Amino acid sequence: MGLSDHLKKVQNGLRQGSFTSEASVSQGILLPALNELGWPVFDTSIVVPEFTVENRRVDYALCHPKNKPAVFIEVKNVGLADGADRQLFEYAFHLGVPMAILTDGQEWSFYLPGEQGRYDERRVYKIDMLERSLDEIEKRLVRYLKYQNVTSGEALISARSDYQNVAKFRVIANNLPKAWESILQEQDSILLELLAEKVEDLCGYKPDLDVCSQFFDEQINSHGTSRVEKKTVRNISERSTKNSKPSPKKFRTQKVDDYNLTFKDQEISAGSAREVMVTLFELLAKEDDSFLERFASRKHGRKRRYLARDKYELYPGRPDLAEEKSVEVVSGWWLGTNYSRKNIQDIIDLALEVAEPQLRSRIKAKVH
């Protein structure tokens, strides 16, 4: 008949409700499928029905060599497979059988009992005969259950490889929310720029990075998530409207507050976080000829440098930002300025960390 023809017949029978007992699932679905997959179903030393495990029985043991189980199969009536995996796992654990299959004819679950995690987490793959395509069903049955693949060990290698992929994606899925919250909290300048540019694409006006930073702060503080509410947008809109005119200063920024820099016990007024940062770098460079070199040698942002000899190194692939958002603090040294207040505070903290201890103790600079 061929495996594909048998699977079509099974699909039709399932839709018509033809399989009404465990025996009909075994005789009408499982054993013909095993036969098409190359198993000698009439050799009861290889396809062993009611295999005994400590006075209990597994419906089928597929053996290689003879009478040594390589796969356990537990059969249930259609729709009644839930919860049967625990018993199957106990059987497999007891004899060290590496693969176990639970099926009610319509659903086939392939497990690796020796792996870690809950029962459902050790499932390599699940087939629903009425949901998957015939090609996919045939491919998976051949991959995990073809006689030659099982006896050669290829089926187990494939199953373990697939399990590692499933486990990897599970770990990724569990950590995606954490990574997203971390990105929101760290507010990397690249993320802020993406948001600002998208806003500009939508409405024609590009918000300052501080406005974008405040937006993220409100999302985290209000909800602990990235969910957006109209109230938050309205609050930020009101603040940004008040500061929509470009500043006549060298730094185009949102003036939220007066910023004070204390350097060697002398208070220095500044109109923005960026101005505090640039002034601090100018003063530190004047006090210590090696400061900029030492700062440049430190680890900077994820994909950018805060300070560089060439301003185009500050914004790889963005010459427009290099022209508009960089300042030459001393001859031959350029500092990027396209950062939120939080990012600027991080840069200032790094600068103070690099500064000589005696000088550092006489400097105060807070912008966030």
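Residue numbers here run from 1 along each chain, matching the order of that chain's written sequence. Confidence filtering applies because this is a predicted model: local features only for residues at pLDDT of at least 70, side-chain atom pairs given and counted only at 80 or more, and all residues used for totals across whole chains, interfaces and linings. Note that water and hydrogens are dropped before the side-chain values are worked out from all heavy atoms of the structure.

Within the chain one finds 14 helices and 12 strands. The buried share among the 368 residues of the chain stands at 46%. Pairs at least 24 apart in sequence give 50% of the contacts found in the chain among residues at least 6 apart. With residues, only the protein chains shown are counted as cover, and all accessible areas are computed by Shrake-Rupley using a 1.4 Å probe. Carbon together with sulfur atoms contributes 48% to the accessible area of the chain, which is approximately 19800 Å² in total. Every helix listed is a DSSP run of H or I at least four residues long, and every strand listed is a run of E at least two residues long, numbered separately from the N terminus. The rule is simple: take the accessible area with a 1.4 Å probe, protein chains only, and divide by the maximum for that residue type; under 20% is buried, over 50% is exposed, in between is partly exposed. Residue contacts are counted whenever heavy atoms from the two residues lie within 4.5 Å of one another.

To estimate the expected span of a helix, count its residues, drop one, and scale the result by 1.5 Å. Counted at 1.5 Å a residue, the expected span for helix 1 (residues 3-16) with its 14 residues is 20 Å, and the 20 Å between its end C-alpha atoms agrees. Where helix 1 is concerned, the buried positions are L3, H6, L7, V10, Q11, G13 and L14. Across the axial projection of helix 1, the buried residues extend over an arc of 165°, all falling on one side. Across from the buried face of helix 1, at angles greater than 90 degrees, the exposed residues are K9, R15 and Q16. Here the buried face of helix 1 lies against helix 2 (22-36) and helix 4 (134-145). Picture the helix axis, draw a direction to every C-beta atom, and the arc is the one those directions span.

Think of each axis as a best-fit line through the C-alpha atoms, taken over the contacting stretch in the case of a helix, with angles from 0 to 180 degrees between the N-to-C directions. At their nearest, the axes of helix 10 (residues 273-287) and helix 13 (residues 341-354) sit 9 Å apart, and the two run at 15° to each other. Considered as vectors, helix 10 and helix 13 are oriented roughly parallel to each other. With respect to the hand of their crossing, helix 10 and helix 13 are arranged in left-handed fashion. Here A273, R274, V276, M277, L280, F281 and L284 of helix 10 come into contact with helix 13, specifically with R341, I344, I347, I348, A351 and L352. The residue makeup of the contact of helix 10 with helix 13, split by class, is 11 nonpolar, no polar and two charged. Roughly parallel means an angle under 35 degrees; roughly antiparallel means over 145; roughly perpendicular covers 65 to 115; every other angle is labelled oblique. Each crossing gets its handedness from the near helix: less than a right angle anticlockwise from the far helix is left-handed, clockwise is right-handed. Classification convention: Asp, Glu, Lys, Arg as charged; Ala, Val, Leu, Ile, Met, Phe, Trp, Tyr, Cys, Pro as nonpolar; all other residues, Gly among them, as polar.

Tracing the chain through its elements places D288 in the loop between helix 10 and helix 11 (291-296). Taking the relative accessible area as the measure of exposure, D288 reaches 15% and is therefore buried. A distance of 2.8 Å separates a polar atom in the side chain of D288 from a polar atom in the side chain of S290. Polar contacts, as counted here, are pairs of nitrogen or oxygen atoms within 3.5 Å of one another; within protein the pair requires one atom able to donate a hydrogen and one able to accept it, and residues that are adjacent in sequence qualify only if both atoms are side-chain atoms. A distance of 2.3 Å separates the side chain of D288 from the side chain of R294, its partner in a polar contact.

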